[in-house]
2 protein chains.
Amino acid sequence: MSHPLRLGIAGLGTVGAGVVKIVRQKAALLAERAGREVQITAVSARNRDKDRGVSLTDYAWEDDPVALATRDDVDVYIELVGGSDGPAKASVEAALKAGKDVVTANKALLAHHGQELAELAEANGAVLRFEAAVAGGIPIIKALTESLAGNEVQRVMGVMNGTCNYILTRMEDGGLTYDEAFAEADGLGYLEADPNLDVGGIDAGHKLSLLAAIAFGTQVNFDAVELEGIGKITIEDIRQACDMGYKIKLLGVSRMTGRGLEQTMTPCLVPASSPLGQLVGGTNMVVVEGDQVGQIVMRGAGAGEGPTASAVMGDVMDIARGLRVSTFGQAASSLKPATPAQSTMPAPYYLRMGLVDKPGALAKIATALGEAGVSINRMRQYDHVEGAAPVLIVTHKTTRAALETALRGMSATGVVVAEPVALRIENV
Amino acid sequence: MSHPLRLGIAGLGTVGAGVVKIVRQKAALLAERAGREVQITAVSARNRDKDRGVSLTDYAWEDDPVALATRDDVDVYIELVGGSDGPAKASVEAALKAGKDVVTANKALLAHHGQELAELAEANGAVLRFEAAVAGGIPIIKALTESLAGNEVQRVMGVMNGTCNYILTRMEDGGLTYDEAFAEADGLGYLEADPNLDVGGIDAGHKLSLLAAIAFGTQVNFDAVELEGIGKITIEDIRQACDMGYKIKLLGVSRMTGRGLEQTMTPCLVPASSPLGQLVGGTNMVVVEGDQVGQIVMRGAGAGEGPTASAVMGDVMDIARGLRVSTFGQAASSLKPATPAQSTMPAPYYLRMGLVDKPGALAKIATALGEAGVSINRMRQYDHVEGAAPVLIVTHKTTRAALETALRGMSATGVVVAEPVALRIENV
């Protein structure tokens, strides 16, 4: 048996405490599986005196994560501090520079600084792993990086923010408005301190940018993710989608096209009978399509103490067993810049708008669509509500660019009340 | 970059040819991801002259897989010959004894000889990997062995024979009898040469025994798998199950209990709304429940050239990257004997039988159940068909032992026509 693997853990919130519990309570099992002992030597958090439901007296204490990350008796630095910069970034950099392996659950850190950190890890012969940063307990990073290494990935998709899926599910099954469902999620403690991270799609967008980097061998480019939150979705949209055999999901989609890398994290319609369409509540799902493997679907808890700590421990056990894979599955220097391609792939779209009560209004809309080359698959107009007639349109396949031309054209007619809602229909 | 990894492939059927194609067509991608070249040096098959749609002229040819497995210019022996003994076993043993790493898709070989092969690998410092042996392209072996290494697994389940699921799906959606659906599957080439491997549950049982070994740290014990095929399932069973909100699946379930290891591969009722219940056609699904991660569901193609070759390549790429994990996730010597525990966990059961047309027949059945301590949740009797009255019973939770006492008691009454069908209802 090799010498024990010594962990230093910074950040002792729910996940950090969960990791401590696993290492303490499953010491024999971990040693049997890793072929060596796994120990904690030192920990760090903001408040030393808080009761975390687990004893920390066996471990050295550091107030400063950077000091923890560089201790001689730490082999693996586990960063659970959070935040894209500040102590999280400083401590991860310090650990990598000291040649320590790093395990993190920090999607924001990697989405913003993934490339430079991967390069830093490589330059120092260190390993940087982040299974827990994407879709909680679902082992998607490992599946994509390792299991599917013989595939050219064609598309990667995911519902990766449980809070958004919870809100959309409650709007559907509870008949709540967006505001009511949002308030319910807030009351249950599901929302981040800045709720826009969840409902604005930022958190899920961070995750998508990491999956895209591995899937397509590109440098992480979160800034190029086309982001749209779920705040504009109404019960009416959800009901109409249901009627037509679809569900609305905050769906991340990334694919490589001849014109560059597509990354969208937007509300989409997906077939109700598909695995993504059947996903309800706070659960996450990731779908990968490879040229060899076909479609692989993975489903599981996207957050929470146990699932996230499980993912952290999967990375720790890999390091204990000697697995040393590059951060994004290939040498950092070989990752190509990710030229963004904004939704070049034609798709059908769902449009909702209100029309003014004037003769010829619908004709003007139809004309604007036709002039942009967007053809109509289905259209429904309803009785007037508060002075506007709700109109729903499902288009045939069209490009985002043509659709935007059509939307501008529709806006210029002066018959559209408020901004139309346009949701892509993703064939999954 | 390290020296190239040199592969020797024995067995050039669909999967073998698929692996050759990937290595040839994706050489640059594989090298970038592995950090070294991956090459084929030699191949072997029964018929040298067959056209396999891919050129083999660059590779040395061996008629004998054992000779291939021990060549000096082979680092990894890929066994795609098939069969639990004969050339497959001989060549894998020869490779391991020569210190070669081995990748195989052979579930029968590992189900029957997994423990001795794992010991042989360990004794010779070799790695033996078999992702492709279970559930085709779904990366379940890696997920269980590596990603979930911080979990105590509570239950592992799976629909892992696509042919059986295809037959059951066609009975349901096409209204076919079992014999008609079987003939259709046969016509499509879905059945093994010995169809009992599929419809008798043997193939799926092999796979379950491998998952159980990893999940529970036990020696593979295929002989202890409680096996039952799908041949007794009727359209009526499928319709009744649907009516009650269930689907019938050939479901593998394994859990560790205080009394030993449970392994069952039997037709079961699962909730229609669960991921397993929603699985249709030839697709596979594996569900793992861990104490930390909760429930993880993985779905994908269980067979076919691309998916199986993808799994083989995942193992090859791991070896290329230097990952060396024990065959079943821990030292072979530390795997505990798997004491079989036959279905000790109480479960509800679905029973179907025909009763003779005599007064008091139903009362006798109900009494037999009551005397065995099995209580009835729902019961339906239908009008007589060919002299027997079909009776359907759903029991409350009961043990398999109590149920078998009840079945014997029912049989002793003399009012039951033919052997009753008893299917467990698995809560998933």
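Residues numbered from 1 in each chain as written. Chains lettered and ligands numbered in written order. Predicted model: local features only at pLDDT ≥ 70, side-chain atom pairs only at ≥ 80, totals over all residues. Heavy atoms only, no water.

An unreviewed UniProt entry annotates chain A as Homoserine dehydrogenase originating from Tropicibacter naphthalenivorans.

Participant: An account of the overall build of chain A is requested, with residue identities and associated values reported.
Facilitator: A count of helices and strands for chain A gives 14 helices and 16 strands. The C-alpha radius of gyration of chain A comes to 24 Å, within 12% of the 22 Å expected for a compact globule of 428 residues. Taken along its principal axes, the extent of the C-alpha atoms in chain A is 80 × 45 × 35 Å. Relative to its 428 residues, chain A shows a buried fraction of 61%. Relative to all contacts within chain A whose residues are 6 or more apart in sequence, the contacts with residues 24 or more apart total 74%. Surface exposure of chain A reaches about 15400 Å², of which carbon and sulfur atoms provide 48%. A gap of 3 Å separates the mean positions of the 39 positive and 50 negative side-chain charges of chain A. (Helix = DSSP H or I, 4+ residues; strand = E, 2+ residues; numbered from the N terminus. Rg over C-alpha atoms; globule rule 2.2 N^0.38 Å. Buried < 20%, exposed > 50% of the residue type's maximum accessible area, 1.4 Å probe, protein only. Contact = heavy atoms within 4.5 Å. Areas by Shrake-Rupley, 256 points an atom, 1.4 Å probe, with all protein chains shown as cover. Lys, Arg positive; Asp, Glu negative; His and termini not counted. Charge placed at Lys NZ, Arg CZ, Asp CG, Glu CD.)

Participant: Go over the relation of the copies chain A and chain B, please, and point to the residues and values.
Facilitator: The two chain copies are connected by a rotation around an axis plus a translation along it. Once chain A has been moved 0.0 Å along the axis and rotated by 180°, it coincides with chain B to within an RMSD of 0.0 Å. Here the two chains are linked by the operation of a two-fold rotation axis. A shared interface surface links the copies, since 100% of the contact residues of chain A are contact residues in chain B too. (Least-squares fit on C-alpha atoms with pLDDT ≥ 70 in both.)

Participant: Pulling in residues and values, what's your account of the interface of chain A and chain B?
Facilitator: Contacts between chain A and chain B engage 49 residues on the former and 49 residues on the latter. Three residues stand out in chain A for area buried against chain B, namely Arg33, Arg299 and Arg321 of chain A, and they jointly supply 16% of the buried area on that side. Our enumeration of links across chain A and chain B arrives at six salt bridges. Counting only elements with at least two residues in the side of chain A that touches chain B, the list comes to α2 (27–34), α6 (140–147), β12 (294–301) and α12 (305–320) of chain A. One ladder, built from three bridges, connects β12 of chain A with strand β12 (residues 294–301) of chain B; its direction is antiparallel. (Buried area = accessible area lost by both parts, 1.4 Å probe. Salt bridge = Lys/Arg side-chain N within 4 Å of Asp/Glu carboxyl O. Pairing = 2+ DSSP bridges.)

Participant: Requested: an account of the UniProt feature "domain: ACT" (unreviewed entry) in chain A, with residues and values cited.
Facilitator: Residues given the UniProt feature "domain: ACT" (unreviewed entry) here are residues 350–420 of chain A. Secondary structure content for residues 350–420 of chain A is 34% helix and 37% strand, and the end C-alpha separation is 10 Å. (UniProt positions renumbered as here; feature names shortened; annotations may be inferred.)

Participant: Just give me the short version of the pattern of salt bridges, but keep the residues and values in it.
Facilitator: Residue and element names in this part refer to chain A. If you walk through the whole model with that rule in mind, you get 57 salt bridges over all chains. Residue aspartate 101 is joined to arginine 324 by a salt bridge in which the shortest nitrogen-to-oxygen separation is 2.7 Å. Of this pair, aspartate 101 sits in strand β5 (residues 101–104) while arginine 324 sits in the loop between α12 and β13 (349–356), and the two are 223 residues apart along the sequence. According to the relative accessible area criterion, arginine 324 is partly exposed, its value standing at 39%.

Participant: Lay out the sheet that holds β5 of chain A with the relevant residues and their values.
Facilitator: Residues and elements named next belong to chain A. Ordered in space as β3-β2-β1-β4-β5-β6, the six strands form an open sheet in which the pairing is parallel. Of all the strands in the sheet, the pair left with one neighbour each is β3 (60–62) and β6 (128–129). Inspection of the sheet shows strand β1 (residues 5–10) paired to strand β4 (residues 76–79) by four bridges, in the parallel sense. From the neighbouring strand, isoleucine 9 faces β4, where its bridge partner is isoleucine 78.

Participant: Requested: an account of unusual backbone geometry, with residues and values cited.
Facilitator: Even without a glycine there, the phi angle at alanine 418 of chain A is positive, about 60°. With respect to the secondary-structure elements, alanine 418 of chain A resides in strand β16 (residues 416–425). You can call alanine 418 of chain A exposed: its relative accessible area is 61%. Residue alanine 135 of chain B is not a glycine yet carries a positive backbone phi of 60°. Alanine 135 of chain B sits in the buried class, given a relative accessible area of 0%.

Participant: I'd like to hear about the domain arrangement of chain A, residue by residue, with values.
Facilitator: Under the domain assignment used here, chain A contains domain 1 (5–104), domain 2 (140–302) and domain 3 (349–425). Distance from the C-alpha centre of domain 1 of chain A to the C-alpha centre of domain 3 of chain A: 54 Å. (Domains from an automatic or database assignment.)

Participant: Give me the pairing of β1 of chain A: which residues, what numbers.
Facilitator: Along a regular strand, successive side chains alternate from one face of the sheet to the other. Residue and element names in this part refer to chain A. The buried fraction of β1 is high, at five of six residues. Pairing analysis gives six bridges linking β1 to strand β2 (residues 38–44), with the strands arranged parallel. Its bridge partner lying in β2, leucine 7 is registered against isoleucine 40.

Participant: Break down the packing of α2 of chain A against α12 of chain A for me, with residues and values.
Facilitator: Residue and element names in this part refer to chain A. The N-to-C vectors of α2 and α12 enclose an angle of 45°; their axes lie 9 Å apart at closest approach. Taken together, α2 and α12 sit at an angle that is classed as oblique. As α2 packs across α12, the resulting crossing turns out to be right-handed. Taken together, the residues of α12 that come into contact with α2 (itself represented by Leu30, Arg33 and Ala34) are Met313, Met317 and Ala320. Class assignment of the residues belonging to the contact of α2 with α12 gives a composition of five nonpolar, no polar and one charged. (Axes fitted to C-alpha atoms, helices over the stretch in contact; angles between N-to-C directions. Parallel < 35°, antiparallel > 145°, perpendicular 65-115°, else oblique. Left-handed = near helix turned anticlockwise from the far one by under 90°. Nonpolar A, V, L, I, M, F, W, Y, C, P; charged D, E, K, R; others polar.)

Participant: How would you sum up the sheet that holds strand β3 (residues 60–62) of chain B? Please name residues and give values.
Facilitator: Overall, parallel pairing links the six strands, which are arranged β3-β2-β1-β4-β5-β6 (chain B) in an open sheet. A single partner strand is all that each edge strand has here, and the edge strands are β3 and β6 (128–129) of chain B.

Participant: Run through the environment of serine 326 of chain A, naming residues and quoting values.
Facilitator: Residue and element names in this part refer to chain A. Relative to the elements of secondary structure, serine 326 occurs in the loop between α12 and β13. Since its relative accessible area comes to 27%, serine 326 is described here as partly exposed. Between the alpha carbons of serine 326 and alanine 126 there is a distance of 9.1 Å; along the sequence they are 200 residues apart. Residues contacting serine 326, with those up to four places away along its chain left out, are Glu122 and Ala331.

Participant: Account for the UniProt feature "binding site: NADPH" (unreviewed entry) in chain A, naming residues and giving values.
Facilitator: Residue and element names in this part refer to chain A. Feature annotation in UniProt places "binding site: NADPH" (unreviewed entry) on Lys107, given in this structure's numbering. With respect to the helices, strands and loops of the structure, lysine 107 is situated in helix α5 (residues 107–123). Those residues in contact with lysine 107 that sit more than four places away from it in its chain are Ala133, Asp203, His206, Lys207 and Leu210.

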